[in-house]
Amino acid sequence: MSADLSRRSLLKAGGGLTLFFALSAGSALARDDDPGGEGAAAGGRLPGSLADTPRLDSWISLHADGTATVFTGKAELGQGIRTALWQIAVEQLCIEPADLTLQTADTGKTPDEGFTAGSQSLSESGAAIGHAAAEVRAILVSRAAERLGAEASTLTAENGAIRAPGGRSLSFAALVEGLDLALNATPGARLVSGAERRFVGQPMPRLDIPAKLTGREAYLQDMRPEGLVHARVVRPPVQGARLRAVALGEVEALPGVLKVVRNGSFLGVIAQTEWGAIEARRKLIDLAQWDAPPARPAPGAVHEWLRLAPAETNVIAETAGLPPEGERIAATYRRAYQMHGSIGPSCALAEFRDGQLTVWSHTQGVFPDRDAIAELTRLPQSQVRVIHVEGAGCYGHNGADDAAADAALLALALPGRPVRLQWMREDEHGFEPYGSAMISQHAARLSREGRITEWSTDVWSMPHSTRPGTAGNLLAGQLVEPPFEREAPRPIPQPAGGGDRNAIPGYDFPNLSVRSHFIAKMPVRVSALRSLGAYHNVFALESFLDELALRAGVDPVAFRLAHLSDPRARAVVEAAAKRFGWDSWTPRGGMSGRGFGYARYKNLAAYCAVALELGLDRETGRVRLGRVVAACDSGEAVNPDGIRNQIEGGIVQAASWTLFEEVAFDAAGPASRDWGTYPILRFADVPASIEVHLVDRVGEPFLGTGEAAQGPMAAAIGNALAQAAGVRIRDLPLRPDRITAALGA
């Protein structure tokens, strides 16, 4: 279990080529103008993350037996990125698929690519790996040309060998001796592309699925290393409370308890068995005495509070055209606090041995988490290693980083033993960072010809990224004594944005004005939830477009196309409408409403359009989702099946958010502590069918897909419900009680 940080030792043990390894000092996802790593854009002359970590040996290691290891700083989160990056590497290196291994995020082995966030893994790591692999292939071809006495242009790389006309060849194994890849990449590597491709563009089976389907060790929660002990933490009864006193002796005397750890308001217990840790935790809860937390806004008043709270206001888009004409129409849309709702509670393993702290975590950013844990534990960064292992639940800044910090503190108290720390369900629901409540206010002028002549948007939101970069952003860092100071939250800059993500319309609107009102103060803890502000902003924008189309007496799809000039945007809108049968649709089979939604995620990533039908039980307010049809343009498709997985998953998750999910509050704060108080989509509520049609753009840059469907799906549901109910509901979620109240009104 003790960590070996040396790749040199690893390769020596396998008889492979020893390469010096260098990490960049910075990360493309951790710049001062990009807090949270949600808004970085690949840039520079070298593609993607290669611009920040240009050394070839940071990405690729060739072994003496002809096999290779490719390194990525990105984490497999269930989005299939491990498979897609493996496909790119196999394609560009021209190696046998079985001979290439992909190593994901590990601060002891991989390049620092910051966070796996913002649907940027392919545009950043995929582009870097593809270019690096192509350049390494070219180096091997050049070496083979020297040995074979042939022109490099006459040689081909295939299945781990370089072949010359006439049948002569040299294997990769024969070419690696003496090869030093401690070189900076150079622009212009020739990529395998078009008809040459064998792997990219093909629906390859996911590498991570077999273990999950067969019940083998697949998740961090499954790990049971030798010598393992179990731990639990005790959270305050409400957020913000401080621990005044606790009688530790009674718990320390319990059978099987190895250690009770208190540091300020941080309280945890380590035991021989998991049940022993749970029982000890219950006893600590009974014994702990807490001071009252600071006052919060009254339950149900969060949106009023948002409008009145001090805000940093920025104009993020402004254009002027001909004087606007026509009727002015306005509408306001609201979103409740929502949570990640990870099915598997957050978990981490940590071991402190021989002065080295190793943490296994399902964090989305091993390097930022390493930095925060080092600060929290007051250890040098060189003595802290964070290794990513998949967790059963993700999609944003959930409790993974906090669980890693909890485990680290507890492991320091019991050196030499691997400590497994898992949250309880009430910990997960009550203390994970939520997705911020939001308000969007739209106004537009509509000419008599049915054209939008003026558009304005105002968005109010709290932060959408408070990810750990310092110990003060960890729960444990806020509980220890003295507590670490929290980082001042900052808005994520455009063009990606945070709370204002996708607030700027992707349509051709003259006289445009979009303002973002960023509220730094947080009455409850908030951070990144899948798609950040885009989910709400697309719902609001696309709902308002439907309202305007209805006012103009124009079909909603035709109304969108009339204001949309981007040919790729038009292509996905037209594809979704055609595949759905939009023009010929009529109510039938209990389906009484149809709806449409479109967006280009972040206005710079994947294009996605969704059309659907739904039925409404007017007595109960329950919505039944029928057929859902989506069209997506993700640039060049690496794994078409993987893209479909992401769009389908986004559609189901967005349906849950839109119809059910809302954090409940009482006078003490968040009151959603289990699935009864935070209902989610059940099997009976999933759409009857989902079709995803891809618009593959071979040769075009990769576009992020993982968060593209959330906003369009929400808007399509809202628009279909408005048709079925005959009344528009503008507050998320579209709960049955809201629907019946609107129908009654």
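Values in this document were obtained by computation on a predicted structure and should not be read as measured data. (Residues numbered from 1 in each chain as written. Predicted model: local features only at pLDDT ≥ 70, side-chain atom pairs only at ≥ 80, totals over all residues. Heavy atoms only, no water.)

Moving on to the sheet that holds strand E27 (residues 731-732). Taken in spatial order, the six strands of this open sheet run E12-E20-E19-E18-E13-E27, and their pairing is mixed. Taken across any chain shown, the strands that pair with only one partner, and hence form the sheet edges, are strand E12 (312-318) and E27. Bridge analysis of strand E19 (residues 452-461) against strand E20 (residues 512-518) gives seven bridges, and the strand direction is parallel. Across the sheet, residue Ser461 finds its bridge partner in E20, namely Phe518. (Pairing = 2+ DSSP bridges. Helix = DSSP H or I, 4+ residues; strand = E, 2+ residues; numbered from the N terminus.)

Considering only enclosed or pocket space, the largest pocket measures out at about 1100 Å³ in volume. Along the walls of the largest pocket sit 33 residues, with Ile343, Gly393, Tyr395, Gly649 and Gln653 positioned nearest its centre. Every element with two or more residues in the lining of the largest pocket is listed here: helix H5 (209-214) and helix H16 (640-659). With eight residues, H16 is the single largest residue contributor to the lining of the largest pocket. (1 Å grid on protein atoms, 1.4 Å probe; cavity = no way out; pocket = protein on both sides within 12 Å on 5 of 7 lines; lining within 4 Å. Points joined across faces, edges and corners; volume = space filled by probe spheres on them.)

Ranked by internal contacts, the top residues of the largest apolar core, which has 87 residues, are Trp455, Phe596, Tyr598, Ile647 and Met713. With nine residues, helix H13 (residues 534-552) is the largest single contributor of residues to this core. Core analysis: the next-biggest nonpolar cluster, separate from the first, contains 48 residues, Ala68, Leu122, Ala132 and Ala144 among them. (Core = buried A, V, L, I, M, F, W, Y, C linked by side-chain atoms within 4.5 Å. Buried < 20%, exposed > 50% of the residue type's maximum accessible area, 1.4 Å probe, protein only.)

Throughout the structure, instances matching the rule amount to ten aromatic pairs. Judged by centre distance (6.1 Å) and plane angle (90 degrees), the ring pair of Tyr333 and Phe539 falls under edge-to-face. With Tyr333 in strand E13 (residues 327-335) and Phe539 in helix H13, the pair connects residues that are 206 residues apart, well separated along the chain. Of the two residues, Tyr333 and Phe539, both sit in the buried class. Pairing Tyr507 with Phe509 gives two aromatic rings, centres 5.6 Å apart and planes at 15 degrees, and the pair type is stacked. One exposure class covers both Tyr507 and Phe509, and it is buried. (Phe/Tyr/Trp six-rings, centres within 6.5 Å; stacked < 30°, edge-to-face > 60°.)

Here strand E17 (residues 419-422) shows no split at all, with Val419 and Leu421 on one side and Arg420 and Gln422 on the other all buried. In this sheet, E17 lies alongside strand E7 (residues 229-234) in parallel orientation, the contact comprising three bridges. Across the sheet, residue His230 finds its bridge partner in E17, namely Arg420.

This part takes up the packing of helix H9 (residues 366-377) against helix H10 (residues 400-413). Packing of H9 against H10 brings their axes to within 10 Å, and their N-to-C directions diverge by 40 degrees. For the element pair H9 and H10, the recorded crossing hand is right-handed. Contacts from Asp369, Ile373, Leu376 and Thr377 of H9 reach H10 at Asp401, Ala404, Ala405, Ala408, Leu409 and Leu412. When its residues are assigned to classes, the contact of H9 with H10 shows seven nonpolar, one polar and two charged. (Axes fitted to C-alpha atoms, helices over the stretch in contact; angles between N-to-C directions. Left-handed = near helix turned anticlockwise from the far one by under 90°. Contact = heavy atoms within 4.5 Å. Nonpolar A, V, L, I, M, F, W, Y, C, P; charged D, E, K, R; others polar.)

Before going further, it helps to examine H9. For H9, with twelve residues, the first-to-last C-alpha span of 16 Å sits near the 16 Å given by 1.5 Å per residue. Restricting attention to buried positions, one finds in H9 the residues Val366, Phe367, Pro368, Asp369, Arg370, Ala372, Ile373, Ala374, Leu376 and Thr377. On its buried face, H9 sits against strand E15 (356-361), strand E16 (384-388), H10 and helix H12 (475-479). Count one or two residues on from H9 and you reach Arg378, which has phi positive near 60 degrees. (Expected span 1.5 Å × (residues − 1).)

It is worth spelling out the environment of Pro523 at this point. Within the fold, Pro523 resides in the loop between E20 and H13. The spatial distance from the C-alpha of Pro523 to the C-alpha of Arg560 is 38 Å, given a sequence separation of 37 residues.

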